[in-house]
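The chain contents come next:
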Amino acid sequence: MNDRIESIRHADGVVELHLARADKMNALDPAMFEALIDAGSRLRDDAVVRAVVLAGRGKAFCAGLDMQSFQRMGQGGAGEVLGSGAAADILARTHGIANAAQQVALVWREVPVPVIAAVHGVAFGGGLQVALGADVRLVAPDTKLSVMEIKWGLVPDMGGMVLMRELARTDVVRELTFTGRIFSGEEAVTLGFATRLAADPLADALRMAHEIAQKSPDAIRAAKRLLNAATGHSAAELLLAESVEQKALIGSPNQTEAVRANIERRAPRFA
């Protein structure tokens, strides 16, 4: 992990990840792309993590692609946006079904525990798509958000089309994509792009993460697997997946501990 991301690990398994390019409003450059993918990949394989909070240092969550990258793009250097090598070819599927830029947003769905985005200041373009990759978005009312790619003659290409279709009506997604207009955190909740408003998104996100960390880690991970599968599977496939997950949970050590803790009215002690 490079200096673009700060990581804080709490004793209960909650991990805070802060985009740490505050002087540039946490804009995405090649180093930030690399740091986000690396951080998500590490958490994906972390058996101890219970919940993740994704936030931005300074005045903003993320202002999107940085100006230098746009300048290089304007000079015909599109391949330099993600750096050199295979990752620079946006047609290359370098991360399963995704390219490197798409993985920056989609990796949070691969993290096996809930990821909560604490969004303040601005979330523009790629920054918005990173937030959309989280499971939950807590947004300050005065946050400014935008599907901003059209301003630069582009389309959302960091998984936005996959992520937005889950959250809002298609006409809403089309209007925001076609116009690139800026909307508030309050409107984001109405449209479906934010989970709820929070005067202090980071504090509320941490409270939620610590609450989740007190639940059975096996059940939390099973629930995320099912929720990830919900949009891409038929009803029959999803019903069977529910049963498979539930069969594995019933009678397992953490499930029986959840039952005992509730009956005995004490805090659970999960493995």
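Residues numbered from 1 in each chain as written. Predicted model: local features only at pLDDT ≥ 70, side-chain atom pairs only at ≥ 80, totals over all residues. Heavy atoms only, no water.

1. A few points about the overall build of the protein
For the protein, the helix and strand inventory stands at eleven helices and nine strands. In terms of overall size, the protein behaves like a compact globule, its C-alpha atoms giving a radius of gyration of 19 Å where 271 residues would be expected to give roughly 18 Å. Counting only C-alpha atoms, the protein reaches 65 × 40 × 40 Å along its principal axes. A buried classification covers 48% of the 271 residues belonging to the protein. For the protein, the share of sequence-separated contacts (at least 6 apart) that also reach a separation of at least 24 residues comes to 67%. Total accessible area on the protein stands at roughly 13200 Å², and carbon and sulfur atoms take up 57% of it. For the protein, the centre of its 30 positive side-chain charges and the centre of its 32 negative side-chain charges are spaced 3 Å apart. (Helix = DSSP H or I, 4+ residues; strand = E, 2+ residues; numbered from the N terminus. Rg over C-alpha atoms; globule rule 2.2 N^0.38 Å. Buried < 20%, exposed > 50% of the residue type's maximum accessible area, 1.4 Å probe, protein only. Contact = heavy atoms within 4.5 Å. Areas by Shrake-Rupley, 256 points an atom, 1.4 Å probe, with all protein chains shown as cover. Lys, Arg positive; Asp, Glu negative; His and termini not counted. Charge placed at Lys NZ, Arg CZ, Asp CG, Glu CD.)

2. A few points about the sheet that holds strand β5 (residues 122-124)
If you trace the three strands from one edge of the open sheet to the other, you get β5-β7-β8, paired in mixed fashion. If you trace the sheet from one side to the other, it starts and ends with β5 and β8 (183-184), each paired once. Where β5 meets strand β7 (residues 144-146), three bridges bridge the pair, whose relative direction is parallel. Bridging from a neighbouring strand, F124 pairs with S146 of β7. (Pairing = 2+ DSSP bridges.)

3. Structural notes on the pattern of salt bridges
With the rule as written, the count across this model stands at 20 salt bridges. We note a salt bridge from R57 to E6, for which the minimum N-O separation is 2.9 Å. With a gap of 51 residues between them, R57 in the loop between β3 (51-56) and α2 (67-74) and E6 in strand β1 (residues 5-9) connect regions that are remote in the sequence. The class of E6 is partly exposed, set by a relative accessible area of 35%. A salt bridge links R181 to E187, with the shortest nitrogen-to-oxygen separation between them at 2.7 Å. Classification of E187 by relative accessible area gives partly exposed; the value is 25%. Through salt bridges with shared partners, a single ionic network connects D3, R4, R21, D29 and D66. (Salt bridge = Lys/Arg side-chain N within 4 Å of Asp/Glu carboxyl O.)

4. Some remarks on the sheet that holds strand β9 (residues 196-197)
What the six strands build is an open sheet, ordered β1-β2-β3-β4-β6-β9; its pairing is mixed. Of all the strands in the sheet, just β1 and β9 have a single pairing partner and so form its edges.

5. Observations concerning the packing of helix α9 (residues 217-229) against helix α10 (residues 235-249)
Close contact between α9 and α10 brings their axes to 10 Å; oriented N to C, the two are set at 170 degrees. Considering the angle they form, α9 stands roughly antiparallel to α10. The residues of α10 that touch α9, namely those facing D218, A219, A222, R225, L226 and A229, are L238, A241, E242, E245 and L249. Taken together, the residues of the contact of α9 with α10 break down into seven nonpolar, no polar and four charged. (Axes fitted to C-alpha atoms, helices over the stretch in contact; angles between N-to-C directions. Parallel < 35°, antiparallel > 145°, perpendicular 65-115°, else oblique. Nonpolar A, V, L, I, M, F, W, Y, C, P; charged D, E, K, R; others polar.)

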